[in-house]
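# Remarks on the overall topology
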Amino acid sequence: MADLNGLRERAKEIREEILKNAEQLVDSKAAYEVRKDFLDSKKGKIGALMKEMRDVPKEQKAEYGQTVNELKQWALSKFEEIDKHIKAKELQLRYESEKIDVTRPAVKMKPAHLHPVTQVREELIDVFASMGFKVYEGKEIETDYYNFTALNTPADHPARDMQDTFYLTPEFLLRTQTSSGQIHVMEAEKPPIKILSPGRVFRSDDDATHSPMFHQMEGLVVDEKITLSDLKGMLDMFVKKIYGDSTVTRLRPSYFPFTEPSVEVDISCFSCGGKGCSLCKGTGWIEVLGAGIVNRKVLENCGIDPDKYSGLAFGIGLERIAMLKYGINNIKLLFESDLDVLNQIGDQE
Ligand code: PHE
């Protein structure tokens, strides 16, 4: 039989139970369930006390009702408190998990950069453009005449063996050298001529320092009284710009059918300064290009009077320049398009 004393006992227990729960509750969903346990109008423990009212002796009913009501009010405000506390905690946890550390260093974005061979190409064009050279882009598919015959290399000339040629037909071929552009320019223009002709060339050659396709940059100057000193002066300027002011050039006698005299151009080793190291194979010098004074026969082939005019020509291998500049020992690294490799070579801007 329900009475006031029993109720007081129950109310005490319920308060203790709620306080104990309050310490343990950590999320609002669980708090809602526990709240229902006590305050649900049908199944809640406090609601059950109200239902027992009918068994309470008449004279105790008023106080009984008031006591249950007080308990209910207390529980309501307690759960409100619990709820507030849990919500604040949850919000704090959320803030912590979503926290952005504005002082953390940003991940560095790598801007794209030009391929090392393109960088060298543009650098050379800049250097020679400052000396007044114009760019002429030649053709990659050439006739035998432009690639060889007009360059004083007729059929069965032994110099044809110097370059293993990809023939497309007996007449057409993939140019083996940008020198073919010299003929096109000299046929189309009369001196003074000052052109630079960059482009792809092709040879059946494949090892650590040779690739079947590579890039050359041809230079051609035709005017009155052009001499070997002009050639040396221009090349000196070019190597100083690319490899540093202390670099000097050396001309060594060589042979090309389309130049006479012909030279091989060496630069003082930029790695050891000329003392001798592994890069220059102990010689102090590094070969960088072929050049010479345009052969009279070549001028004649293009209708230019060799008694009035003379010319100088040079051919630079761009991969070779890039390999030396960036310290690469295998030409394939420049063609494999491996970004991990390319990102380490060249100027990264
Ligand atoms: N065409 C030559 C070569 O490919 C280089 C060269 C160009 C030499 C111009 C002399 C003058 O080897």
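Residues numbered from 1 in each chain as written. Predicted model: local features only at pLDDT ≥ 70, side-chain atom pairs only at ≥ 80, totals over all residues. Heavy atoms only, no water.

One can describe the packing of helix α1 (residues 4–24) onto helix α4 (residues 61–97) by two numbers: an axis separation of 11 Å at closest approach and a directional angle of 0°. One way to sum up the angle between α1 and α4 is to call them roughly parallel. Within the contact between the two elements, α1 uses L4, L7, R8, A11, I14, R15, I18, L19 and A22 and α4 uses E63, Y64, T67, V68, L71, W74, A75, K78, F79 and I82. In terms of residue class, the contact of α1 with α4 is built from 14 nonpolar, 1 polar and 4 charged. (Axes fitted to C-alpha atoms, helices over the stretch in contact; angles between N-to-C directions. Helix = DSSP H or I, 4+ residues; strand = E, 2+ residues; numbered from the N terminus. Parallel < 35°, antiparallel > 145°, perpendicular 65-115°, else oblique. Contact = heavy atoms within 4.5 Å. Nonpolar A, V, L, I, M, F, W, Y, C, P; charged D, E, K, R; others polar.)

What follows is about the site of the ligand. Around the ligand sit 14 residues, and of these Q177, S179, R203, Q216 and G315 come closest. With respect to the ligand, the side chain of S179 contributes an N or O atom lying 2.9 Å from a nitrogen atom. The side chain of Q216 places a nitrogen or oxygen atom 2.9 Å from an oxygen atom of the ligand. Relative to its unbound accessible area of 330 Å², the ligand is 91% covered by the protein chains. When residues of the shell around the ligand are traced back to their parent elements, those giving at least two are β5 (213–223), β8 (285–294) and β9 (310–317). Sort the elements by how many residues they give to the shell around the ligand and β9 lands first, with 3 residues. (Near = heavy atom within 4 Å. Polar contact = N/O pair within 3.5 Å; in protein donor to acceptor, adjacent residues only side chain to side chain. Areas by Shrake-Rupley, 256 points an atom, 1.4 Å probe, with all protein chains shown as cover.)

This next bit is on the nonpolar core. If you look at the biggest cluster of nonpolar residues, it comprises 42 residues, and the most contacted ones within it are F238, L289, F314 and I316. Looking at this core, the elements with two or more residues in it are α5 (116–129), β5, α8 (228–243), β7 (259–268), β8, β9 and α10 (318–326). In terms of residue count, the dominant contributor to this core is α8 (7 residues). Contact partners of F238, with chain neighbours within four places excluded, come to L124, V127, F128, M131, L289, I316 and I321. A2, L7, A11 and I14 belong to the second largest nonpolar core, which has 21 residues in total. (Core = buried A, V, L, I, M, F, W, Y, C linked by side-chain atoms within 4.5 Å. Buried < 20%, exposed > 50% of the residue type's maximum accessible area, 1.4 Å probe, protein only.)

Here the focus is a nonpolar patch on the surface. A contiguous nonpolar patch, built from I141, L168 and F172 and spanning about 270 Å² of accessible area, is present on the exposed surface. Secondary-structure assignment places I141 in strand β2 (residues 141–143). Taking relative accessible area as the criterion, I141 reaches 48% and is therefore assigned partly exposed. (Patch = residues over 30% accessible without salt bridge, like charges linked within 9 Å, V, L, I, M, F, W, Y side chains within 5 Å. Salt bridge = Lys/Arg side-chain N within 4 Å of Asp/Glu carboxyl O.)

So, about the environment of I141. Through-space distance from the C-alpha of I141 to that of G315 is 18 Å; in sequence the pair is 174 residues apart. Setting aside residues up to four positions removed in sequence, I141 forms contacts with L168, F172, L173 and L174.

Let us now look at the pairing of strand β6 (residues 249–256). One ladder, built from 7 bridges, connects β6 with β7; its direction is antiparallel. Considered in β7, the bridge of R252 is made with E264. (Pairing = 2+ DSSP bridges.)

A few words on the domain arrangement of the protein. Once the domains are mapped, the protein shows domain 1 (4–98) and domain 2 (116–347). Each of domain 1 and domain 2 has a C-alpha centre, and these two points are 93 Å apart. (Domains from an automatic or database assignment.)

Moving on to the pattern of salt bridges. Following the criterion strictly, the structure yields 16 salt bridges and no others. For R8, the salt bridge is made with E63, and the minimal N-O distance between the two is 2.7 Å. With R8 in helix α1 and E63 in helix α4, this residue pair connects regions lying 55 residues apart in the sequence. Look at E63 and you get partly exposed, because its relative accessible area is 39%. Between K78 and E81 there is a salt bridge, with its nearest N and O atoms 3.0 Å apart. Taken together, the residues span about one helical turn, with K78 and E81 both in helix α4 at a distance of 3 residues. Take K78: its relative accessible area is 16%, and that puts it in the buried class. Within this structure, R250, R252, D266 and E287 form a network of salt bridges that share partners.

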